[in-house]
Amino acid sequence: MKTTNELKKHKVLIANRGEIAIRIMEACCKLGLKFVALFTAPDQHSEHCVMAQKLGGDESLYRVSSYLDANEIFAVADHAKATAIHPGYGFFAEDYRFARRVAQRERKLIFIGPSWQVIRELGDKINTKRLARKLGVPTVPGSDKPVTDDLEAENIAKSLFDFQKEQGVGNPVILVKASAGGGGMGIEEVTDLDKFRSVLRRIKNYSKRQFRDESVLIEQRIFDFNHLEVQVLADRTGMSPVHFGTRNCSVQSLGRQKRIEVAPGFDPTSTRYAFDAQKVLEDITEYSLRMAKEAGYDNIGTWEWIVSPTGQPFLMEVNTRIQVENGVSARIASIKGQKGVDLIAEQIRVGLGAALGYAQEDICLEGVGIEYRIIAEDPDNKFIPWVGRITSFDWPDFPWLTMHTQVPRDREYEIPTDFDPNLALAIVWGQTLEEARIRGKEFLHALTLCGENASGEALKSNISFLERKSDTVLVF
Amino acid sequence: MVDVKTLLQELREEPYEKIVIRAPHAGTVEFVSSTPGTRVVGPSGTWKEKPGTLLIRLEREKNKKPIYAPQKGEIMALADLKPGEFVQAGQELMTIRHYLTREEVIGRILRQSLFLFLAPEKGRYYFIPDVDIKIKTKGSQSVAVEEGLELFILSRMKRETAIRYTGPSGIIYAIYFDTNDSVERESPLIGVCPEDQLGQIQEVVSRVQSDWEEQD
Amino acid sequence: MDIEKRTQELRDRLKYVQDIFGPDENSNVSMLDAKLNEFILREPSLTKQEVIRQLETLEELFRFLEKKLERELTPMNKVRIVRHPQRICLKDILENVYDNYTEIGGQDDYSIDPSMLIARAYVTRKRGKKVHNQPVMVIGQEKGHGQEFRNGGSVKPWGNAKALHYMKVAETENIPIHTYIFTPGSYPIEDYPGAAQQIAKNLYEMAGLKVPIVAVISEGGSGGAEAIGLADTRIMMSHGYYSVISPEGAAAIEGRLRGGQRADLKLIERCADQLKMTADDNKTMGYIDWKIHEPELGARPEHYDFFRKLRKAVIASTDEIVLNVSGMRMLRSFALKRHKGANVYVRWTLSTRAKERLLWVRYLKFRRMAQGAYLDKRHWFSRGSEALGEVCSSLYSYFRYDLLGRQRKKVSELAEDVHAEIQVVMGRSARYWGKVLSKLFFKKDKKEVDKEELTTLTPWNGSDQNLGQWQYISPQAKEDQSITCPNAGVHGCLDQWAPDLFGEWAGVCSFCGHHFPMEYQWYIHNIFDPGSVREIFSEIESINPLQFDGFDLKLDEAKRRTGHKCGCMTFEARIEGTTVMVAMFMAAFRGGSVGAAEGEKFIRAMERARKKQLPFLSYVHGTAGIRIQEGVNGVIQMPRCTMAVRRYSEAGGLYLVLYDTNSYAGPVASFLGCSPYQFAVRSANVGFAGPGVIKETTGLDIPPNYHNAFQALSRGHIQGIWDRREIRHNLVQSLQTMGGRNLYYR
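Keep in mind it's a predicted model, so treat the numbers as computed, not measured. (Residues numbered from 1 in each chain as written. Chains lettered and ligands numbered in written order. Predicted model: local features only at pLDDT ≥ 70, side-chain atom pairs only at ≥ 80, totals over all residues.)

This brings us to the overall build of chain A. Tallying secondary structure elements over chain A gives 14 helices and 23 strands in all. In terms of overall dimensions, chain A is globule-like: its C-alpha atoms have a radius of gyration of 23 Å, near the 23 Å expected for 476 residues. Across its three principal directions, the C-alpha atoms of chain A cover 65 × 55 × 50 Å. For chain A, the proportion of its 476 residues judged to be buried stands at 52%. Taking as baseline every contact in chain A between residues at least 6 positions apart, the subset at least 24 positions apart corresponds to 69%. (Helix = DSSP H or I, 4+ residues; strand = E, 2+ residues; numbered from the N terminus. Rg over C-alpha atoms; globule rule 2.2 N^0.38 Å. Buried ≥ 20, exposed ≤ 12 C-beta atoms within 10 Å, placed from the backbone. Contact = placed C-beta atoms within 7 Å.)

As structure tokens, then:
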């Protein structure tokens, strides 16, 4: 078993940018680890560069040509004598080939994340679905293997319609997905069995062109669902994985991008649900851990669920990485009575080989956390990003508030155009849902975010959208 | 009409362009042409298929990549680096003094006389596919533009928006941006020559052709 | 006046001799030069008698030394003879050999290709009181005594297409074809129809042309010669050359010259020597039937005797071919054999049966060539038993496919017809009964999906299919290093890690799709069913038939390095259960060049595929062309292999070609290019001559992507481009959708 002192020999390369890079370097400092950070030319004024130099000195910051060029990362890692790589989220976080290269290159490094085999296994939609079914975990009704035969596809579609009618669904809809697709590409819905053939043809053609693969998945389309998550953590010693409760991420923008995340996933103490919400939370938590154990999960991860209006949960996918919204779960948690849980630090610790050191019963969850993603965008106009210069960004330091941002508070900041438009994450905590909502709105009200673009137009942000949505979080 | 004579005079006083060779990515360097004053040449051949003078080898992940001279010129200075020293992306490695060619002189003068369509926003720009194909096959001067024509795609924040051309009708005489780079707001994207000025522009061109002596 | 003319004549003769002997020091040539100059210098001071006397001596000296020089001619001198502007050309032959002619499709430079000349001509023969005008189609390259627009007899692809067109016309009209070969080689451009592809078409068509073909070779330069050279009788002029490549070309390859460097003269001479390209060499090796003697130092337009000789030769050859395959022939063919050019009359039209025989004789003629240019090391016993096996298998296939197969096919076709008829008669009621029947016998549609299956695990055995795992992993995937895509500059591809690139991605750039070359083993193991590859004819071995300098060493090195005895591996393999015959040309063995051993293996594999009725795949992992060090032993594989392809295709086989990496020259211009189903692996280059050769021979600068698969597809030279990772799938698809009538697996 690795002791904390042994861990301190490590140096972590942070293969990411923005707020997550800052959170990772802070976690490293907390653990007494050295780190090295990267930046690209458009990011040179990002706060993560300032922080890297502040926390680690000049030699802990390297300029690279692109965050997406793995060779660049390894070249820097070798030169800086890093021993481990933290991928953050996005970029290489769920790329099993990258994780494999980290582990198999001549100068081996540690990938802070699940093993590459686990990433490959759970990164594959079909594999994940089949693993779930094997363990009796509920999945979206439909096929669980790639369908290539047209007749078979049609038969599945037909019985899916019948199935939904039997379940009392008024207007059944099915989805045809390219089995090699992802990220919303190559998906179409079918409301009428007669149109199935033409949709199938279209998806197959698309898939053949795009992925050299003709097979499809056919699934029931579930409407008006809530999007829930279970935060899972496991170490590399083979001990049972633990969880840090659930989150509800149902407030999203048009393009299915999360805007507010709340922990826990439902609040039956204050809100009425049409189903046994407590049981749903317990069920999905248990299912997630069951799968994590079976898959030999060995780092941090999130099981994503959709819950239908009648309270039926279906497993959607597994994110084999740290997520943006990990902080909101950490905010309501305590380990052995200690508050101030840092899931990123925990991830690094177990990633470097340390044992978890606590069991499920040592983890307590208390109160409600709300995380707002503050973004310069126009919620009234398709959430189009706003580009320009931020002139002031400030907020009162409330005791119940945690902020994560790469936007400097003390100087102006040009929003880079090459990345996701997140500016800041604000996590608000309250003893009850009601208190959390009130504090959330108080914070949003007190937040200043001003700026203008080159044509002199004022900054547009989603703050009012977030305020509006605060009243109804966890209502289902 | 621009004062070609004065412009040419100005250029004659400073007929060089300083080309800075930067590390395209991290790696260890090895200088091949390492004496200041060495003459180098740019790519040649009918299709520019022969690379220019080999200047530097940059090795990253056991992959040695050659860096060639992009233009004809003379090595001015080298970065103070030991053989095999590690450099980061974007680090300055070498500077080359390049004597302006006729084409470049024409380009510089035209930049002052053409109508420049400026980038309305910061971001990456692409020509719309139709125009792109036309430019790639027949050259930019085959493309006529007019007010309101959908000409560019602006890509930023992972979203794409179409940009319409505003300005006088004419043909695209010069392109000033590279699809791989982010364009700052208000930097010129294209230079358009209004049809009625085509004659004058050609005059500038022939004037430079005869007046500007190229140097080796 | 007369004196001046005679002096001029001597001057011309000296000039000619000097041209022929070129820069080499030759005492006889110097002597002629000295004597003639001395005479010219002294002439004004001499009396007329003295001038005449000296002139006569001088002429005598010329005659004497020319005779002497004739005996000293080196192969390179002969090359200079056939290239000399004074060399006889096709127009001279038309004027002097035939009794009448009309040129077809050309008037000087007004022609689709002035270097290819077509003429309808006839020869007049008197038998007793009867006069016979026997028509022939005359086809050949025209050099026009150095007329620039004739391009030195270097024919463009469309010129060869014109030649083929008129060969087909001759076939329709049932008249013989006389071809005259005066070419240094084809004009190596890819413009439609493409140099290589057109030559391949010509060869393929000539292999089955049902009229007698006589070819006369003066300058037989590689592919260009083959384009019209596949003939029943091949005559060669004694001062001509017939070679796989020009001596200069060979020297450039031997000397490893690049970018327009010139080879030195000594090397060129040595190559000319070693290529064994003269008429005598070719006669000895059996690649020509007759040698026809030329006057001293080569035939020129004023040598009327020679034309008479030539006339006799082509007529006699045509007679002989016809007699050899027709019924009534005994006496006449006897007479012909006793005395070449005996004056007998033979009608030149062929009966249907004679035509079939003609093709069979032609096939055998070429099939028997080059037998001494490779090594077959097997014990006589195993050869014998193989021959026996061949007999058995052809008997078996006769019964299995021809007799029984045909019967069975007839029966099943009859059954289909009957069934269709019944359906029409029964109409709707049949459909009704069909439904009732199916309800009675099958309770439930097999494909009905159980609702249970929508929410629980269903059986599936393909779980590892989508993880990009291959049976064979390239050794290139073992290096811990990153690789730059050659298109990185254009497409912005990032460097990729070798284990990913050459492992999971099968050597395909994941950004732009560029295909990096992979070892041939990758294909063997990842395309065919595991464990199904069975190599055949592996004992056939490449040798150095011309004793080409230093080639033994190179050959041994190639054998040692690859573990193969020649550059072509032939094997049977299964793909999704279907057995296919495969000939694979390996770039690793002498650049994948084709010589006698490779050709022989290819032909044997073709013959076996025909007997066993297997589809045939030529997988060209790479070929640089014909192996030049084997000379004509190599180039003759072009017609030989193409004839085998033709025989196989006509027997109903499916012949697929798949090009990978780089495929050029002879093989593409013959047995590969003649396939109607040619595909290329993406990023492959396919063409006739590489950029260097094109620049050298035509002066044209070609773009870097000139031979790229996409260009080849646009030109119509290939029929599709395959992604490496989909080759197996595409082959299965091809087997299902293409192929001749006799492939029983369908």
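Once that is clear, we can look at the interface of chain C and chain B. Listed as interface residues are 10 residues of chain C and, on the opposing side, 9 residues of chain B. Taken together, the residues of the side of chain C that touches chain B break down into 3 nonpolar, 4 polar and 3 charged. (Nonpolar A, V, L, I, M, F, W, Y, C, P; charged D, E, K, R; others polar.)

What follows deals with the domain arrangement of chain B. Taken domain by domain, chain B holds domain 1 (16-99) and domain 2 (103-211). The gap between the C-alpha centroids of domain 1 of chain B and domain 2 of chain B is 29 Å. (Domains from an automatic or database assignment.)

The interface of chain B with chain A comprises 18 residues on the first partner and 19 residues on the second. A per-class count over the side of chain B that touches chain A returns 5 nonpolar, 6 polar and 7 charged.

So, on to the environment of A:A330. All names here are of chain A. One can find A330 in helix 11 (residues 326-331). A count of 24 C-beta atoms within 10 Å places A330 in the buried class. Through-space distance from the C-alpha of A330 to that of L200 is 44 Å; in sequence the pair is 130 residues apart. Look past the residues within four positions of A330 in its chain and what remains in contact with it is F244, V341, D342 and L343.

Bringing the packing of helix 2 (residues 18-31) of chain A against helix 3 (residues 47-56) of chain A into the picture now. All names here are of chain A. It is the contact of helix 2 with helix 3, at a shortest axis distance of 9 Å, that shows an interaxial angle of 15°. Taken together, the axes of helix 2 and helix 3 lie roughly parallel to each other. The element helix 2 and its partner helix 3 pack so that their crossing is left-handed. Judged by residue contacts, G18, A21, I22, M25 and C29 of helix 2 engage E47, H48, M51, A52, L55 and G56 from helix 3. Classifying every residue of the contact of helix 2 with helix 3 by side-chain character gives 7 nonpolar, 3 polar and 1 charged. (Axes fitted to C-alpha atoms, helices over the stretch in contact; angles between N-to-C directions. Parallel < 35°, antiparallel > 145°, perpendicular 65-115°, else oblique. Left-handed = near helix turned anticlockwise from the far one by under 90°.)

Residue and element names in this part refer to chain C. Among all positions of helix 26 (residues 727-737), only I727, L731, S734 and L735 are buried. Viewed end-on, helix 26 has its buried residues packed into an arc of 100°, placing them on one side of the element. Along helix 26, the residues that are exposed and aim more than 90 degrees away from the buried face are Q733, Q736 and T737. (Arc of directions from axis to C-beta.)

Glancing now at the nonpolar core. One finds A:V12, A:L13, A:I14, A:M25, A:A37, A:V76 and A:I85 to be the most contacted residues of the largest nonpolar core, which totals 333 residues. Of the residues forming this core, the biggest block, 10 residues, is contributed by helix 12 (residues 304-325) of chain C. Excluding residues within four positions of it along the chain, A:V76 makes contact with A:L13, A:V36, A:L38, A:Y62, A:V64 and B:A26. Among the nonpolar cores identified, the runner-up in size contains 25 residues, and B:F127, B:V145, B:V183 and B:W212 belong to it. (Core = buried A, V, L, I, M, F, W, Y, C linked by C-beta atoms within 7 Å.)

The next subject is the sheet that holds strand 1 (residues 16-22) of chain B. Taking strand neighbours across the sheet as the criterion, the 4 strands line up as 1-8-6-3 (chain B) in an open arrangement whose pairing is antiparallel. Looking at the sheet topology across the chains shown, the edges are occupied by strand 1 and strand 3 (39-40) of chain B. (Pairing = 2+ DSSP bridges.)

Moving on: unusual backbone geometry. Where the residue is not glycine, phi is negative for most of them; where a peptide bond is considered, it is trans in most cases. Cis geometry is found at the peptide bond from A:A263 to A:P264, where omega equals 0°. Tracing the backbone shows A:P264 in the loop between strand 11 (258-263) and helix 10 (277-295). For the bond running from C:Y192 to C:P193, omega is 0°, close enough to zero to count as cis. Look at A:F383: it is not a glycine, yet its phi comes out positive at around 60°. Overall, the presence of 19 C-beta atoms within 10 Å leaves A:F383 in the partly exposed class. Look at B:E61: it is not a glycine, yet its phi comes out positive at around 50°.

Let's shift gears to the pairing of strand 17 (residues 616-620) of chain C. Consecutive side chains of a regular strand alternate in pointing toward one face of the sheet and then the other. Residue and element names in this part refer to chain C. Across the 5 residues of strand 17, 5 count as buried, placing the element largely inside the fold. The alternating pattern of strand 17 places F616, S618 and V620 and L617 and Y619 on opposite faces, both of which are buried. As paired elements, strand 16 (residues 578-585) and strand 17 share 5 bridges and run parallel to each other. Its bridge partner lying in strand 17, F585 is registered against V620. As for the winding sense of the linkage, the β-α-β connection from strand 16 through helix 20 (residues 596-612) to strand 17 is right-handed. Sheet analysis places strand 17 next to strand 18 (residues 655-659), joined by 5 bridges and oriented parallel. Pairing of S618 across the sheet is with V657, part of strand 18. (Right-handed = clockwise from strand over helix to strand, strands pointing away.)

Reading across from one edge, 3-2-1-4-5 (chain A) is the order of the 5 strands in this open sheet, with parallel pairing throughout. Only two strands of the sheet have a single partner each, and these edge strands are strand 3 (61-63) and strand 5 (110-111) of chain A.

In a pair of packed helices, the angle between the axes and the distance between the axes together describe the arrangement. Residue and element names in this part refer to chain C. Two elements in contact, helix 1 (residues 2-21) and helix 3 (residues 48-72), have axes whose closest approach is 11 Å; the angle formed by their N-to-C orientations is 20°. Relative to helix 3, the element helix 1 lies roughly parallel. Like other packed secondary-structure pairs, helix 1 and helix 3 cross with a definite hand, here left-handed. Residues I3, R6, L10, R13 and V17 of helix 1 touch helix 3, and the partners they reach there are V51, L55, L58, E59, F62 and L69. Partitioned by chemical class, the residues of the contact of helix 1 with helix 3 number 8 nonpolar, no polar and 3 charged.

So, on to the environment of A:D397. Assignment of secondary structure puts A:D397 in the loop between strand 19 (389-394) and strand 20 (401-405). As a C-alpha pair, A:D397 and A:N299 span 98 residues in sequence and 32 Å in three-dimensional space.

All names here are of chain B. Here chain B averages 88 in pLDDT, and 98% of its residues register 70 or above. Taking the mean pLDDT of every element in chain B, the minimum, 82, falls on helix 4 (residues 198-211) and the maximum, 97, on strand 7 (residues 86-87). Reported for the predicted complex are a pTM of 0.89 and an ipTM of 0.91. (pLDDT = per-residue confidence, 0-100.)

Right, let's talk about the pairing of strand 6 (residues 73-78) of chain B for a bit. All names here are of chain B. Alignment of strand 3 against strand 6, held across 2 bridges, turns out to be antiparallel. Its bridge partner lying in strand 6, V40 is registered against G73. Bridge count between strand 6 and strand 8 (residues 92-99): 4 bridges; the pairing is antiparallel. Bridging across to strand 8, L78 finds its partner in M94.

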